[in-house]
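Results of the structural survey
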Amino acid sequence: MSMLDDIRGQRNAWRREKAPAKQAPASRPDFGPRPVTGWGGTEAAEIADGYVEYAGVYRSYAWVRKAIDVTARNIVSLPVRVVNADDKPQEAHPLTALFAAGNDTMSMPSVWSHWVTSMYLGGEGPLEIIDDQRGNPLWLWPRRPDLVLVRPDVRPERRNYPTAAGYVVMPDQAGGTPMDVPPPNMVFTRFPNPLNPWRGLAPIAAIRASIIIDVFAMAWAKTFLQRGARPDYALVAPQGITRSERERLEAELTFKFGGPDNWHKPIILEDGVTDLKTFSFAPVDMEWVEQRQFNRDEIGALFGVPDEIMGYGKDTYENFQTALEVFWTLTLKPLIQHRDAALTHHFTTVRPLLAPGLRIATDLSGVGVLQEDKLPKVEMAAKLWAMGAPFNQLDAQLQLGIGPVPNGDQPFGTDPAEKQRMAELAAMGQQAQPPQDGEQDANQDRTQDAPPADQGKQYKAARIIPEGANEPLPPVPSTVDITDADIERAIAKWDRILPDYRGLLDAESKDNGEAL
């Protein structure tokens, strides 16, 4: 082997040593196995036995479905992003991208819709964070509350301060296997539960009895209408009937009056039967309609949805606008703030990805009913500015949201020294203004009496008077009344007139030179 081959081999070895390690792709999720280490001490959801039942109510009960859906539809499309202390969005932050990505099967609005439904039906909204192969957050995956077990932290120092040491996610389809999820990868939002520090409390549990009563009322109404709106009844025979007569009457009544085709046929009493006695109450006697209306109002009150938005209130414009403001102020905005606070806490303490001063906030600028009517503030600011209050100070005190403007710290938006200089410049322009009509006649008389040489000079000077010089300049305003527009117009007019005056001076100098 020659020396050249040795050099080439050494060079290739150096290249292999310096070659960077191949990094895992950032766009691929890490679905590595996470086997369950044990079941001991896990805390199941308190609604584990009732979540399926509540989900069935949500599927088939109109008012529960309406209350949850109208809440979800109003907030799922609002952008969630990282902001700084001045509420400026941090678009380059990885969490801002996380809250816009969703996952490979659900968009972000679908993820938030699952979250709202789980919070109302189960009191909890578990969101699993799926990392990419580099360990950075990539997706958010909603989990059913009844399929997430909480493993409490049993360390001695944490026994009196309950916290989660991890989570066990049960499979929600056949063939799946339970898996461990560490606390940094699970955002476990929940409503407060006074009896369980690890699990949430479902709001729908408070109206379970009302829902059951209303479901029974609907079932009774269905059966009542299936019988042709006829109540249960009995035949009265004071003299008594034999067993064979009773069986015959039952068979005849069933044959003649059973089924929807025979509901409205009249019943003829015979063979000692003198009367019919009903066993059930009529709907009006049971206050059936009032009971159903009460249950409906109770559901709307619990979920915080006004009557007009639920669909059965007085649908006038004024009532609906007021109901919309109440809905956003008392229901939707607190729910959004609860979610944002939980996300901020998780990414500040459990998985610290937020630097000091950063937080997670939902953009509510597109919600019209939450925007303040700033017209009274603007009118007040205009009056105070006319009195000499600096604009930047007014913007900060009245919270107009405009921000600092150039010279906004000065009264009337202009530096006093600059304003004085502009006033002097305008005064100079006023002094250069041509004489008025009376003065012009007197000048003409003096011109006619002057010697011929002077007349020639004045005639030459009259010919080179610049265009527009005869136009009167505006009166010089007082110092406090001069605006930026007035100053700009004065400067522009002066710049237009100055070259012509300069030509006039040159012509006069030339004539004086010739005379000498």
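Okay, so let's go over this structure.

Rules behind the numbers
- Residues numbered from 1 in each chain as written.
- Predicted model: local features only at pLDDT ≥ 70, side-chain atom pairs only at ≥ 80, totals over all residues.
- Heavy atoms only, no water.
- Helix = DSSP H or I, 4+ residues; strand = E, 2+ residues; numbered from the N terminus.
- Buried < 20%, exposed > 50% of the residue type's maximum accessible area, 1.4 Å probe, protein only.
- Contact = heavy atoms within 4.5 Å.
- Phe/Tyr/Trp six-rings, centres within 6.5 Å; stacked < 30°, edge-to-face > 60°.
- Lys NZ or Arg CZ within 6 Å of the ring centre and 35° of its normal.
- Salt bridge = Lys/Arg side-chain N within 4 Å of Asp/Glu carboxyl O.
- Pairing = 2+ DSSP bridges.
- Axes fitted to C-alpha atoms, helices over the stretch in contact; angles between N-to-C directions.
- Core = buried A, V, L, I, M, F, W, Y, C linked by side-chain atoms within 4.5 Å.
- Patch = residues over 30% accessible without salt bridge, like charges linked within 9 Å, V, L, I, M, F, W, Y side chains within 5 Å.
- Areas by Shrake-Rupley, 256 points an atom, 1.4 Å probe, with all protein chains shown as cover.

Concerning the overall build of the protein
From N to C terminus, the protein includes 16 helices and 10 strands. Expressed as a percentage of its 516 residues, the buried residues of the protein come to 32%. Counted over contacts in the protein with a minimum sequence separation of 6, partners at least 24 positions apart contribute 66%.

Some thoughts on the packing of aromatic side chains
Here the structure, examined in full by the defined rule, presents 4 aromatic pairs. Residues tryptophan 112 and tryptophan 115 carry aromatic rings whose centres are separated by 6.3 Å and whose planes lie at 85 degrees to one another, so their mutual orientation is edge-to-face. With tryptophan 112 and tryptophan 115 both in helix α5 (residues 108-122) and 3 residues apart, this pair spans about one turn of that helix. Both residues of the pair, tryptophan 112 and tryptophan 115, count as buried. The side chain of arginine 65 reaches across the aromatic face of tyrosine 58, ending 4.8 Å from its centre. In this structure, arginine 339 is placed above the aromatic ring of tryptophan 115, and the distance from its NZ or CZ to the ring centre is 5.9 Å.

Details of the pattern of salt bridges
Overall, the coordinates contain 13 salt bridges when judged by the stated rule. Between aspartate 69 and arginine 65 there is a salt bridge, with its nearest N and O atoms 2.9 Å apart. Note that aspartate 69 and arginine 65 are positioned in helix α3 (residues 62-75) at a spacing of 4 residues, about one turn of the helix. Owing to a relative accessible area of 18%, aspartate 69 belongs among the buried residues under this scheme. When its relative accessible area of 34% is taken as the criterion, arginine 65 is described as partly exposed. Its salt-bridge partner being arginine 296, residue aspartate 297 comes within 3.6 Å of it at the nearest N-O pair. Since its relative accessible area comes to 34%, aspartate 297 is described here as partly exposed. Taking relative accessible area as the criterion, arginine 296 reaches 18% and is therefore assigned buried. Ionic contacts of the salt-bridge type, sharing partners, join the residues Asp153, Arg155 and Glu157 into one network.

A few points about the sheet that holds strand β4 (residues 148-152)
With antiparallel pairing, 3 strands are arranged side by side in an open sheet as β4-β5-β6. Two strands lie at the open edges of the sheet, namely β4 and β6 (179-181), each paired on one side alone. Averaged over all pairs of adjacent strands, the angle between their axes in this sheet comes to 30 degrees, without regard to strand direction. Where strand β5 (residues 164-169) meets β6, 3 bridges bridge the pair, whose relative direction is antiparallel. Counted as the bridge partner of valine 169 is methionine 179 from β6.

Focus: the nonpolar core
Among the nonpolar cores identified, the biggest contains 55 residues, and Phe99, Trp112, Ile204, Phe303, Phe347 and Ile360 are the most heavily contacted of them. Residues within four places of phenylalanine 303 in sequence aside, it is in contact with Ala67, Ile68, Tyr120, Ile204, Ile207 and Thr331. Judged by nonpolar contacts, the second largest core, of 8 residues, contains Val148, Val169, Met179 and Met186.

A look at the environment of arginine 134
Position of arginine 134 relative to the elements: it lies in the loop between β2 (124-131) and β3 (137-142). We classify arginine 134 as partly exposed; its relative accessible area is 46%. For the pair arginine 134 and arginine 28, spaced 106 residues apart in sequence, the C-alpha to C-alpha distance is 9.0 Å.

What to know about unusual backbone geometry
With phi around 65 degrees, aspartate 87 is a residue other than glycine that occupies positive phi space. With respect to the element layout, aspartate 87 can be found in the loop between β1 (80-83) and α4 (94-101). On the accessibility criterion, aspartate 87 (46% relative accessible area) is partly exposed.

Focus: a nonpolar patch on the surface
A contiguous nonpolar patch, built from Val215, Phe216 and Met218 and spanning about 270 Å² of accessible area, is present on the exposed surface. As for its position among the elements, phenylalanine 216 is in helix α6 (residues 208-226).

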